[in-house]
Amino acid sequence: MRNSLLLRLVAGLGCSGVALMLALMFMAALVVNHVGPLADIVNACAPGNAPGPKQLSNAPEPNPSTSGPDVLPAAYTTRPGAKPLDAGSVRNAALAPKSSANSIPSNYLKLYKAAASDKRFGGIPWYILAGIGKVETDHGRSKLPGVASGENYAGAGGPMQFLQGTWNGFAIDGPTFGPDGAPDGKPDGKTDRYNPADAIFTAANYLHHSGAPGDTRKAIYAYNHSWDYVDLVLSWANKYGGDNFSLDDPNYAGFSCGTSDSTASEFGKRIIEDAEKWLGTRYVYGGGDLNGPYKGGFDCSSLVRYAVYHASDGQIKLPRVAADQQRDPRGKRVSRSELQPGDLVFFTAAGAKGAHHVGIYVGGGKMVNAPHTGAVVRVEAIGWKEFSGGMRFTMTVKA
């Protein structure tokens, strides 16, 4: 009886109710990450480039001679006659500390190896790309300005720290990620220097243009005009190439998910776009309204409500909570097999009469949603255990 009453209470409160429920359970048993409909969800990609004004760092330029491994492999000693190029590309935003922190996010390793095997780039060793990724931003894990958004003190941005001008000349549309978390080889149709896939493939392209793999030292010097920088990158490359590293959890910041289903309608695409522009915005219990983040963020139903409202130019104003949104008579109910990008996806606890969570389907078994307290708006794989149906809203989109 107690469980039944609790389920009815949560269902009536929508996603705000489940957030409260999760918070209480966390305090009681520290198991918030293993309860409810999100238990089976694995972060597939996102958050993307954080919204907000351009960020500039006032930090002094880092000194590469005091960071990273200090043993230079003999194979990389300077050769007589090696000449650097005339134009630099980037400036490092965050050098790796001189410590045993030699891990590489597993998805970054896959991208480094995918770029290395791409015939367009002449077979640049993956560990050279990884050495640059480590020195520049610790494989996108640095929290300094210019990594996930904005630019650093020198105007560089993204995990591989490209100046915008160089990016414009060499940008490559890298692969998106498939359901297994591996690059699927399918570009998303745009280039973004904050997207690690695009950034790593562009780094390979620039290095190849600058002489790699034939003259790797010269190519790395072109990337950043400092021989100390070259030595530092190659020291990390030697470490990685010698299998002296460990795999870390994936780092999905900046990854592009897009709509991996060609059946998306123009209205569906608009719904997704209006939701995804808030990627990285934190979840706030009871937050968000039709004007955007409220109280500092969104919850699940307010994000959906905002996206549908703006995609429809204000013509479709959904109810506030997930359970009422699922009952909205203007929508068409669709099954899991019928889902198209832009459809709403609902989740209902066993025995409950209304949904407690809602997201927006983006294709490929993924959704964009505001998951729970402590998380941010993100795109992730759907846990189907409590999926209780989809809902499609349609309208003619003006050009």
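Refer to the structure printed above.
This is a predicted model, so every value here is computed, not measured.

(A) Quick look at the side chain of Ser210. For Ser210, the position within the fold is in the loop between helix H5 (196–209) and helix H6 (216–223). By relative accessible area, Ser210 is classed as buried at 2%. Reaching out from Ser210, the side chain makes a polar contact with the backbone oxygen of Tyr206 at a distance of 2.9 Å.

(B) Here's a closer look at the nonpolar core. By size, the foremost hydrophobic cluster in this structure holds 43 residues, and its most contacted members are Ile104, Trp126, Leu207 and Tyr223. Contributions of two or more residues to this core are made by helix H2 (106–116), helix H3 (126–137), helix H4 (164–170), H5, H6 and helix H7 (227–241).

(C) Broad picture of the pairing of strand E12 (residues 387–392). Among the six residues that make up E12, five are buried, leaving the element largely enclosed by the rest of the structure. Sheet analysis places strand E7 (residues 332–334) next to E12, joined by three bridges and oriented antiparallel. Bridge pairing links Arg333 to Met391 in E12. The pairing of strand E8 (residues 344–347) with E12 spans four bridges and is antiparallel. For Val345, the partnering residue across the bridge sits in E12 and is Gly390.

(D) Broad picture of the environment of Tyr127. Inspection of the secondary structure puts Tyr127 in helix H3. Residue Tyr127 is classed as partly exposed on the basis of its relative accessible area, which comes to 25%. In this structure, the C-alpha to C-alpha distance between Tyr127 and Gly242, residues 115 residues apart in sequence, is 9.3 Å.

(E) Region of interest: the sheet that holds strand E10 (residues 366–369). What the six strands build is an open sheet, ordered E7-E12-E8-E9-E10-E11; its pairing is antiparallel. With partners counted over all chains shown, the strands left at the sheet margins are E7 and strand E11 (378–381), one partner each. Neighbour-to-neighbour, the strand axes of the sheet open up by a mean angle of 40°, direction not taken into account. The pairing of E8 with strand E9 (residues 357–363) spans four bridges and is antiparallel. Paired with Leu344 across the strands is Ile360, a residue of E9.

(F) Quick peek at the pattern of salt bridges. This model, assessed by the stated rule, comprises 14 salt bridges. Close ionic contact of Asp248 with Arg141 constitutes a salt bridge, the shortest N to O distance being 2.7 Å. Placement of the pair is Asp248 in strand E6 (residues 246–248) and Arg141 in the loop between H3 and strand E2 (156–157), with a sequence separation of 107 residues. When its relative accessible area of 29% is taken as the criterion, Asp248 is described as partly exposed. The salt bridge partner of Arg327 is Asp324, with a shortest N-O separation of 3.0 Å. Each of the salt bridges in this network shares a partner with another, and the network as a whole consists of Lys134, Asp138, Arg141 and Asp248.

Each value, and the rule that gives it
Residues numbered from 1 in each chain as written. Predicted model: local features only at pLDDT ≥ 70, side-chain atom pairs only at ≥ 80, totals over all residues. Heavy atoms only, no water. Helix = DSSP H or I, 4+ residues; strand = E, 2+ residues; numbered from the N terminus. Buried < 20%, exposed > 50% of the residue type's maximum accessible area, 1.4 Å probe, protein only. Polar contact = N/O pair within 3.5 Å; in protein donor to acceptor, adjacent residues only side chain to side chain. Core = buried A, V, L, I, M, F, W, Y, C linked by side-chain atoms within 4.5 Å. Pairing = 2+ DSSP bridges. Axes fitted to C-alpha atoms, helices over the stretch in contact; angles between N-to-C directions. Salt bridge = Lys/Arg side-chain N within 4 Å of Asp/Glu carboxyl O.

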